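Topology and contacts: notes
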Amino acid sequence: MIGYAFMGAAHSHAWRTAPRFFDLPLAPRMTALAGRDPERVAAAATKLGWDSSETDWRRLIERDDVDLIDICVPGNLHAEIAIAALEAGKHVLCEKPLANSVEEAEQMTAAAEAAKAKGVYAMCGFSYRRTPALSLAKQLVESGALGPIRHVRAQYLQDWLTDENAPLTWRLDKSLSGSGSLGDIGAHIIDAAQWVAGSSITGVSAIMETFVKERPVGGDFVGLGGVGGSDGPKGPVTVDDAALFTARFDDGAVGVFEATRFALGRKNAMRLEINGAKASLAFDFEDMNSLWFYDSADGPNSGFRKIQATEPEHPYTGNWWPVGHGLGYEHAFTHQVVDLVGAIANGEQPTPSFADALRVQRVLAAVEASAGDESRWTTV
């Protein structure tokens, strides 16, 4: 694995936990962790459960005892690492968004297709797909329970950047992150919406805004942000703080999307509502074990009913706790490992593939282009 901060910790937990709760066809061994600082990466390797550490990611690709590379670094490094790993015959798990541009994502997808022909596989880490309630939503749509889809409504609301003195992290530097709320959290709702609805976004009209143009270059970094000094030097914020867009889907549905890190009081409200001709469903990650479902066949006195997605029959949940004992954020990453290892063992393409992630990247690019052109309608 390359990188050991927020995503690195989540992925490490998943690699440690998956074989202890699921019967995997292959046994993962956490061989090596890579990072730039020798002391910090060695300490992280010990804490997170890795056998060894490296200070150059290229060494991981050269090692004969490494079969898979897990990429948990900023987006500007994704393409170089993923392509090198695939060409060296290593399977790849890469965090989202796939890259910082469509061109990079296309190159990565081409490398993944070439590798697949040799039995080497690549997957992009859109972990929310593995939330049991959201997976159940996908099953309901596929079963035809909603009928033809008419509306898709998606939000991802956070508030960790509302403090104007929060420090200037890499997530606020376009050269490293590619974009702000659009790519960081908007990518998740774009993927979830297309995946659950079973259709593709074909065009968008968008606006993007940066509310705080400068931030402290230093400070105390905590979680995703932290606290900076109001009197110290500041640097420019080069990404969006909020992105909003309307969309059309290839099956005739219309959509509304909103991604922001300035929604005070919303900590991780990743929401999806889908309205069909026969029924509707709604999901909010802040109540992640629940799925709300409305069936018009229930009559005029009906309403949304809450499905507690903790039954053994629901996706993934049978391997965990008794009914009603909910799961958390980290479990989706464990399920991601389970699906990835199973696909590799069976010689099958894991999903979401790099091609799936490229579809999301094209939507991100269209949103940015539209926002930069007075919200002009832009084809994906």
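Residues numbered from 1 in each chain as written. Predicted model: local features only at pLDDT ≥ 70, side-chain atom pairs only at ≥ 80, totals over all residues. Heavy atoms only, no water.

1. What to know about the overall build of the protein chain
What the protein chain contains, in helices and strands, is ten helices and 18 strands. For 380 residues, the compact-globule estimate of 2.2 N^0.38 gives 21 Å, and the protein chain sits close to it at 21 Å. Based on the C-alpha atoms only, the size of the protein chain along its principal axes is roughly 65 × 55 × 40 Å. A total of 380 residues make up the protein chain; the buried ones form 53% of that total. Accessible surface, the protein chain as shown: approximately 16,300 Å² in total, 50% of it carbon and sulfur. A distance of 2 Å separates the average location of the 34 positive side-chain charges in the protein chain from that of its 49 negative side-chain charges. (Helix = DSSP H or I, 4+ residues; strand = E, 2+ residues; numbered from the N terminus. Rg over C-alpha atoms; globule rule 2.2 N^0.38 Å. Buried < 20%, exposed > 50% of the residue type's maximum accessible area, 1.4 Å probe, protein only. Areas by Shrake-Rupley, 256 points an atom, 1.4 Å probe, with all protein chains shown as cover. Lys, Arg positive; Asp, Glu negative; His and termini not counted. Charge placed at Lys NZ, Arg CZ, Asp CG, Glu CD.)

2. Points about helix H4 (residues 78–87)
Burial analysis of H4 places seven of its ten residues in the buried class, which makes it a mostly covered element. All buried positions along H4 are accounted for by His78, Ala79, Ile81, Ala82, Ile83, Ala85 and Leu86. Where the residues of H4 are buried, they touch helix H3 (57–62), strand E3 (68–71), strand E4 (91–95), helix H5 (102–116), strand E5 (122–125) and helix H10 (354–371). Where H4 terminates, the next one or two residues include Gly89, which has phi positive at roughly 85°. (Contact = heavy atoms within 4.5 Å.)

3. Thoughts on the packing of aromatic side chains
Under the criterion given, the structure shown has 14 aromatic pairs. Plain terms: the ring middles of Phe249 and Phe257 are 6.4 Å apart, the flat faces sit at 25° to each other, and that makes the pair stacked. With respect to class, Phe249 is no different from Phe257; both count as buried. Each ring, one from Phe283 and one from Phe285, has its centre 6.4 Å from the other, and the planes form 65°; the classification is edge-to-face. Just as Phe283 is buried, Phe285 falls in that class too. Ring pairing ties together the aromatic residues Phe6, Tyr128, Tyr156, Phe283, Phe285, Tyr329 and Phe333, which thus form one cluster. (Phe/Tyr/Trp six-rings, centres within 6.5 Å; stacked < 30°, edge-to-face > 60°.)

4. Re the sheet that holds E4
With respect to topology, three strands assemble into an open sheet ordered E3-E4-E5, the strand pairing being parallel. Bordering the open sheet on either side are E3 and E5, each of which pairs with just one other strand. Averaged over all neighbouring strand pairs, the angle between strand axes comes to 10°, with direction disregarded. Those strands touched by H10 are E4 and E5, and its axis lies near 40° from that of E5. (Pairing = 2+ DSSP bridges. Axes fitted to C-alpha atoms, helices over the stretch in contact; angles between N-to-C directions.)

5. Here we look at the nonpolar core
The biggest cluster of nonpolar side chains holds 81 residues, and the ones touching the most others in it are Phe257 and Phe354. Broken down by element, the residue count for this core peaks at ten residues, all from helix H8 (residues 181–197). Counting residues in each nonpolar core, the second largest holds 26 residues, with Ala18, Phe22, Met123 and Val338 among its members. (Core = buried A, V, L, I, M, F, W, Y, C linked by side-chain atoms within 4.5 Å.)

6. Quick word on the pattern of salt bridges
If you walk through the whole model with that rule in mind, you get 22 salt bridges. With a closest N to O distance of 2.7 Å, Glu368 and Lys174 form a salt bridge. Of this pair, Glu368 sits in helix H10 while Lys174 sits in helix H7 (residues 174–177), and the two are 194 residues apart along the sequence. The class for Lys174 is partly exposed, based on a relative accessible area of 34%. Residues participating in the shared-partner salt-bridge network are Glu54, Arg59, Glu62, Arg63 and Asp65. (Salt bridge = Lys/Arg side-chain N within 4 Å of Asp/Glu carboxyl O.)

7. Some remarks on the state of the cysteines
Applying the stated criterion across every chain yields a total of zero disulfides. In this structure Cys94 is not part of a disulfide, and its nearest cysteine sulfur, from Cys124, lies 5.7 Å away. Among the residues examined, Cys94 registers a relative accessible area of 0% and is labelled buried. (Disulfide = S-S within 2.5 Å.)

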